[in-house]
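# Working through the structure, step by step
The lines below spell out each chain.
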Amino acid sequence: MAKKKEEAPSLIETFSEFKELKHIERSTLVSVLEESFRSAIAKKYETDENFDVIVNPDKGDCEIYRKRIVVPDGEVKDEKREVSLSEAREDDPDYEVGEEMSEKIDFANFGRRAILTLRQTLASKVLELEHDALYNKYKEREGQIVAAEVYQTWKNETLLMDDEHNELLLPKNQQIPRDFFHKGDTVRAVIDRVDNLNNNPKIYLSRTSPEFLRRLLEQEIPEIADGLITVRGIARIPGERAKIAVESYDDRVDPVGACVGVKGSRIHGIVRELNNENIDVINFTSNTKLYIQRALSPAEVLNITLNEEERKAEVILRPDQVSLAIGKGGVNIKLASILTDYTIDVYRETDVSEEDILLDEFADEIDQWVIDAIKGIGFTTAKEVLNAPRDMIIERADLEEDTVDDVLRILSSEFEDENTAKS
């Protein structure tokens, strides 16, 4: 029994896989299809220069025409580019020597192997085009907010899908600490970065970036979206607290009031989106001292000394205001430093009438290396140390908590002894 000849795959079938592709413009797809056909033609005929390729993805077909010059019988030197007069007249009796003959080539006759190779080439090129289109689409949108649906959550990241089923990644370290997602939840985040390693685009999102808060403000507050109010600075500790500096270009518009809204109505939606992250809104000013003063709110500042070259600020406050300036866990002073771009050190107000004592005089009770460490951060007297926040001394002098507590105890007892003696 004769073996049945294996049929070549249909060109219609080949085209149907590629004519409804997302992200890819029609002109680009046609160009890729034509290039793929020309590659197959060049492989069979050694050249594609004398071929016309007409691609019609809507109909699912491709027309190929080969052009050859008509030469006298017996003078054909290159069958791929020349055709004898008698052969040309079999197609059309009106052909004359020197004319160009155009004949239609049936690609199906190229054979099964050629068509399979074509399909593989098309699949590879189209996938590459889709990756390029996806990368370009999201690269242009870096810094913008996107809403996507949670598809799967892993230990280190969450996979989301956009409306076109493109994969977006939200790393764990870019999630607000109290974020918790279920499959199917719609999540808003800012497009943080787009990588394209080995033409494999990866889109990374962030909910902890200051840019996410900036974009939320633009969405929720019309005056910011319209350009009447500008956000001049943002400092965030995600999930805990944020400080925002705003400025109005219209004297009739109160920037802080416009952002907060009546009874916090405008800012409340943003706070809820950020899992109850507290947001302080202050008026921006080019007056650095005033800007630092506002950034340390709700603490009331008595005096500020600036070192603009080192971008440092020494702030004097009443003793009852120091804890407010520092905030719980140092959050308030940290955010104020980020917002103003100044290293801020706070000091208690001292009674200048009282006598002070040099630290070196305590060398018999305090190790010299500890004294040197404290002097290294700018304190030379006992009262300077006692008036400085304990946490700041620990951090800046790089000393253990117990060591600093011992120093404070020794220095305090000295003045307590003096007061006792005077009384």
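Heads up: these notes are all about the structure in this document. (Residues numbered from 1 in each chain as written. Predicted model: local features only at pLDDT ≥ 70, side-chain atom pairs only at ≥ 80, totals over all residues. Heavy atoms only, no water.)

### Section: helix α4 (residues 112-139)
Selection criterion: In this text, helices come from DSSP runs of H or I with a minimum length of four residues, and strands from runs of E with a minimum of two, each type numbered from the N-terminal end. Helix span, expected: 1.5 Å multiplied by one less than the number of residues in the helix. Three labels apply to residues, based on accessible area from a 1.4 Å probe with only protein chains included: buried if under 20% of the type maximum, exposed if over 50%, partly exposed otherwise in between.
Relative to the 40 Å expected for 28 residues at 1.5 Å per residue, α4 spans 40 Å between its end C-alpha atoms, a close match to the ideal helical length. Three or more residues of α4 are buried, namely I115, L118, R119, L122, V126, E130, A133, L134 and Y138.

### Focus on the pairing of strand β10 (residues 229-237)
Filter applied, for reference: For two strands to pair, DSSP has to find at least two bridges joining them.
Burial of β10 is extensive: seven of the nine residues sit out of reach of the surface. Following β10, the chain reverses through three residues before pairing antiparallel with strand β11 (residues 241-248); G239 in that reversal takes a positive phi of roughly 85°.

### Side note on the packing of helix α10 (residues 319-326) against helix α11 (residues 331-340)
Between two packed helices, what matters for the description is the angle formed by their axes and the separation of those axes. What counts, and what does not: In this analysis, axes come from line fits to C-alpha atoms, helices being fitted only over the stretch in contact, and the angle between any two N-to-C directions falls in the range 0 to 180 degrees. For classification, angles of less than 35 degrees are called roughly parallel, those exceeding 145 degrees roughly antiparallel, those between 65 and 115 degrees roughly perpendicular, and all remaining angles oblique. Throughout, a contact is declared for two residues whenever any of their heavy atoms are within 4.5 Å. Charged residues are taken to be Asp, Glu, Lys and Arg, nonpolar residues to be Ala, Val, Leu, Ile, Met, Phe, Trp, Tyr, Cys and Pro, and polar residues to be all remaining types, Gly included.
Between α10 and α11, the least distance of the axes is 5 Å, while the angle of their chain directions is 65°. Considering their axes alone, α10 and α11 lie roughly perpendicular with respect to each other. Residues L324, A325 and I326 of α10 form the contact with α11, whose own contacting residues are V331, N332 and I333. Its residues assigned to classes, the contact of α10 with α11 shows five nonpolar, one polar and no charged.

### Overview of the pattern of salt bridges
Going by this rule: What counts as a salt bridge is simple: a side-chain nitrogen of Lys or Arg found within 4 Å of a carboxyl oxygen of Asp or Glu.
This model, assessed by the stated rule, comprises 36 salt bridges. Of the charged contacts in the structure, one is a salt bridge between R81 and E49, with a shortest N-O distance of 3.6 Å. Here R81, found in the loop between β2 (61-71) and β3 (82-84), pairs with E49, found in the loop between α2 (26-45) and β1 (51-56); they are 32 residues apart in sequence, far enough to count as distant. Owing to a relative accessible area of 35%, R81 belongs among the partly exposed residues under this scheme. The partner of K139 in a salt bridge is E142, with the nearest N and O atoms 3.1 Å apart. Under the relative-accessibility criterion, K139 is labelled partly exposed at 35%. Accessibility expressed as a relative area gives 30% for E142, which makes it partly exposed. Here the salt bridges share partners, and the residues they tie into one network are D179, R188, R207, E220 and E273.

### Digging into the packing of helix α5 (residues 210-220) against helix α8 (residues 265-273)
Filter applied, for reference: Less than a right angle of anticlockwise turn of the near helix away from the far helix marks a crossing as left-handed, whereas a clockwise turn marks it as right-handed.
The geometry of α5 relative to α8 is characterised by a closest axis approach of 10 Å and an angle of 145° between their N-to-C directions. Between α5 and α8 lies a crossing of right-handed hand. Contacts between α5 and α8 involve F212, L213, L216, L217 and E220 on the former and, on the latter, I267, I270 and E273. Looking at the contact of α5 with α8 residue by residue, the classes come out as six nonpolar, no polar and two charged.

### Focus on the sheet that holds strand β13 (residues 301-307)
Read across the sheet, three strands follow the order β13-β14-β15 without closing on themselves; strand pairing throughout is mixed. Lying at the two open borders of the sheet, with one neighbouring strand each, are β13 and β15 (343-348). Pairs of neighbouring strands in the sheet enclose a mean axial angle of 20°, with direction left out of account. One ladder, built from six bridges, connects strand β14 (residues 312-317) with β15; its direction is parallel. The partner of I316 across the bridge, within β15, is Y347. With respect to the sheet, helix α14 (residues 390-397) is in contact with β14 and β15, its orientation differing from that of β15 by roughly 135°.

### Considering a negative patch on the surface
Convention followed: Grouping into patches uses exposed residues only, defined as over 30% relative accessible area, and leaves out salt-bridged ones; the cut-off is 9 Å for like charges and 5 Å for nonpolar side chains (Val, Leu, Ile, Met, Phe, Trp, Tyr). A 1.4 Å probe and the Shrake-Rupley method give the accessible areas. Residues count as covered only by the protein chains that appear here. By the counting scheme adopted, Arg and Lys are positive, Glu and Asp are negative, and His together with the chain ends is not counted. The atoms used to mark charge sites are NZ of Lys, CZ of Arg, CG of Asp and CD of Glu.
Together, E90, D91, D92, D94 and E99 give the surface a local cluster of negative charge. Tracing the backbone shows D91 in helix α3 (residues 85-91).

### Regarding the packing of aromatic side chains
So the rule is basically this: Stacked, tilted and edge-to-face pairs are distinguished by plane angle, under 30 degrees for stacked and over 60 for edge-to-face with tilted covering the rest, among Phe, Tyr and Trp rings (Trp via its six-membered ring) whose centres lie within 6.5 Å. Both a distance and an angle decide whether a charge sits over a ring: NZ of Lys or CZ of Arg must be within 6 Å of the ring centre and within 35 degrees of the ring normal.
Here the structure, examined in full by the defined rule, presents three aromatic pairs. Judged by centre distance (5.0 Å) and plane angle (40°), the rings of Y45 and F51 are tilted. The residues Y45 and F51 share a single accessibility class, namely buried. The positively charged end of K183 is found above the aromatic ring belonging to Y151, 4.8 Å away from the centroid. The ring centre of Y204 lies 4.0 Å from the NZ or CZ of R193, which sits over that ring.

### Describing the sheet that holds β10
The mixed open sheet is built from three strands, whose spatial order is β10-β11-β12. Of all strands in the sheet, those with a lone pairing partner are β10 and β12 (278-283), marking the two edges. When the angles between neighbouring strand axes are averaged without regard to direction, this sheet yields 20°. Where β10 and β11 come together, eight bridges link them in antiparallel fashion. Paired with I237 across the two strands is R241, which belongs to β11. Seen against the sheet, α5 touches β10, β11 and β12 and runs at an angle of roughly 140° to β10. The sheet contacts of helix α9 (residues 288-295) involve β11 and β12, and relative to β12 the element is tilted by about 155°.

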